[in-house]
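An overview of the molecular structure
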Amino acid sequence: MNVNLSTPLTGISAANERLRASAANIANLAATNQTRASAEPTNVDKVPEREINPANEVVEQQSAAYAFVANLKVLQTQLNTTGALLDIKA
């Protein structure tokens, strides 16, 4: 039986990268050259860089945390389903 875990693991990784980029933006608020870090895929059309807004970054961090938890739930469900199928088959 082949279990493909790449989808939830990729989602977890993407959420982690979004959280990292947002945290870096918050840490760089005091810098004179505020360039906003982004964790968007390279094949997406680039939006113009905007000024760092702390409220937007907090929302981005919350969104990344929810995406992280959702992908963990998908991973957990997938592993539980695989375990149940193996129990039935055994």
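Higher on the page you've got the structure.
Below is a summary of the structure that appears in this document.

Procedures and definitions
- Residues numbered from 1 in each chain as written.
- Predicted model: local features only at pLDDT ≥ 70, side-chain atom pairs only at ≥ 80, totals over all residues.
- Heavy atoms only, no water.
- Helix = DSSP H or I, 4+ residues; strand = E, 2+ residues; numbered from the N terminus.
- Buried < 20%, exposed > 50% of the residue type's maximum accessible area, 1.4 Å probe, protein only.
- Contact = heavy atoms within 4.5 Å.
- Areas by Shrake-Rupley, 256 points an atom, 1.4 Å probe, with all protein chains shown as cover.
- Expected span 1.5 Å × (residues − 1).
- Patch = residues over 30% accessible without salt bridge, like charges linked within 9 Å, V, L, I, M, F, W, Y side chains within 5 Å.
- Salt bridge = Lys/Arg side-chain N within 4 Å of Asp/Glu carboxyl O.

In terms of helices and strands, the protein carries two helices and zero strands. Counting every position in the protein, which comprises 90 residues, the buried fraction comes to 16%. The contacts of the protein with a sequence gap of at least 6 include a subset with a gap of at least 24, amounting to 66%. In the structure as shown, the protein presents an accessible area of about 6600 Å², 57% of it carried by carbon and sulfur atoms.

Our next topic: helix α1 (residues 6-27). In a regular helix each residue adds 1.5 Å, so 22 residues correspond to 32 Å; α1 covers 31 Å between its end C-alpha atoms and thus fits that length. Every buried residue of α1 is accounted for by P8, G11, I12, A15, A21, S22 and N25.

Considering the arrangement of structural elements, one finds A55 in helix α2 (residues 54-89). Under the relative-accessibility criterion, A55 is labelled partly exposed at 47%. C-alpha separation for the pair A55 and I26, spaced 29 residues apart in sequence, amounts to 9.9 Å.

This part covers a nonpolar patch on the surface. Nonpolar side chains collect at one region of the surface, where F68, V69 and L72 lie side by side and expose about 230 Å² of accessible area between them. Its place among the elements puts V69 in helix α2.

Glancing now at the pattern of salt bridges. In the structure shown here, the tally under the stated rule is two salt bridges. A salt bridge links R18 to E60, with the shortest nitrogen-to-oxygen separation between them at 2.8 Å. With R18 in helix α1 and E60 in helix α2, the pair connects residues that are 42 residues apart, well separated along the chain. When its relative accessible area of 22% is taken as the criterion, R18 is described as partly exposed. Judged by relative accessible area, which is 22%, E60 ranks as partly exposed.

These results come straight from atomic positions and should not be treated as a statement about function.
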